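Report on the structure
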Amino acid sequence: MSSQVIDQLQAAFPQRRVVDVITPHECDECAAIRSALAGRTWSEVPSSFAEEYCGSLPLLSPDAYNAYLPVWLRAAVENPDGDAAAMVPINLADEPIKEAFTPEQVDALIAVVEYVATHNVFGSDDPINLEKLAKVQSEWGRRAV
């Protein structure tokens, strides 16, 4: 099942390098993020990066958010109990950057949240998992299935 979600991510999100601003803010964390992502596609960035910078998605520019969100999504699928998996639904539900996402990308990111909600330690009948999933589906224009 996880391989199907990873395949969906790979099909929906093209491999591209961000040539403009990766993080518009100047601080040590943003500099580290820029250094790790510069010149790389999302598949070239290890999932450990998303675990280390699990709460850093809001620091990305809109272009970088679209290009590198799959790093966090992939990490969430690989480890549904990890830090990235805990933060992805929060970020996607609370004021996400939604510029330039295709319907296929939206379907893929919702599939990741659905996977995490049903495969983490708390399970698919946990009210918090269900609430996170419903918020992401609502924010991104989808209804719960």
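Residues numbered from 1 in each chain as written. Predicted model: local features only at pLDDT ≥ 70, side-chain atom pairs only at ≥ 80, totals over all residues. Heavy atoms only, no water.

Brief notes about the packing of aromatic side chains
The full count for this structure, using the stated rule, is 5 aromatic pairs. When the ring of phenylalanine 13 is compared with that of phenylalanine 101, the centres are 6.2 Å apart and the planes differ by 75°; the resulting orientation is edge-to-face. Of this pair, phenylalanine 13 sits in the loop between α1 (2-12) and α2 (28-37) while phenylalanine 101 sits in the loop between α5 (83-93) and α6 (103-119), placing them 88 residues apart in sequence. Both residues of the pair, phenylalanine 13 and phenylalanine 101, count as buried. Seen in terms of ring centroids, phenylalanine 49 and tyrosine 53 are 4.9 Å apart; in terms of plane orientation they differ by 35°. Their pairing is tilted. What makes phenylalanine 49 buried here is its relative accessible area of 6%. Linked through ring pairs, Phe13, Tyr65, Phe101 and Trp140 together constitute an aromatic cluster. (Phe/Tyr/Trp six-rings, centres within 6.5 Å; stacked < 30°, edge-to-face > 60°. Helix = DSSP H or I, 4+ residues; strand = E, 2+ residues; numbered from the N terminus. Buried < 20%, exposed > 50% of the residue type's maximum accessible area, 1.4 Å probe, protein only.)

Some remarks on the confidence of the model for the chain
The predicted coordinates of low-pLDDT regions are not to be read in fine detail. On average, the chain scores 92 in pLDDT, and the residues at 70 or more come to 97%. Taken element by element, the predicted model of the chain shows its lowest mean pLDDT in helix α7 (residues 127-139) (90) and its highest in helix α3 (residues 47-52) (98). (pLDDT = per-residue confidence, 0-100.)

Describing the side chain of glutamine 105
Considering the arrangement of structural elements, one finds glutamine 105 in helix α6. Under the relative-accessibility criterion, glutamine 105 is labelled buried at 3%. At 3.2 Å, the side chain of glutamine 105 and the backbone oxygen of alanine 12 are in polar contact. When residues no more than four places from it in sequence are discounted, the contact partners of glutamine 105 are Ala12, Phe13, Pro14, Asn66 and Ala100. (Polar contact = N/O pair within 3.5 Å; in protein donor to acceptor, adjacent residues only side chain to side chain. Contact = heavy atoms within 4.5 Å.)

Here's the deal with the environment of leucine 9
Mapped onto the fold, leucine 9 is located in helix α1. Here leucine 9 falls in the buried class, since its relative accessible area comes to 0%. Taking C-alpha positions, leucine 9 is 9.9 Å from valine 106, a pair spaced 97 residues apart along the chain. Residues within four places of leucine 9 in sequence aside, it is in contact with Trp42, Pro70, Leu73, Arg74, Ala108 and Val112.

Details of the environment of lysine 135
Along the chain, lysine 135 falls in helix α7. For the pair lysine 135 and leucine 37, spaced 98 residues apart in the sequence, the C-alpha separation amounts to 29 Å. Apart from residues no more than four positions distant in its own chain, lysine 135 is found in contact with Ala93 and Asp94.

Examining α1
Those residues of α1 that sit buried are Val5, Ile6, Leu9 and Ala12. The buried residues of α1 occupy one face: seen down the axis, they fall within an arc of 130°. In α1, the exposed positions that point more than 90 degrees away from the buried face belong to Gln4 and Ala11. (Arc of directions from axis to C-beta.)

Overview of the nonpolar core
Among the nonpolar cores identified, the biggest contains 46 residues, and Phe49, Leu60, Tyr68, Trp72, Leu73, Leu92 and Leu109 are the most heavily contacted of them. For this core, the secondary-structure elements that each account for two or more residues are α1, α2, α3, α4 (62-78), α5, α6 and α7. Sorting elements by how many residues they give to this core places α4 first, with 11 residues. In contact with phenylalanine 49, not counting residues within four places along its chain, are Ile33, Ala36, Leu37, Val71 and Trp72. (Core = buried A, V, L, I, M, F, W, Y, C linked by side-chain atoms within 4.5 Å.)

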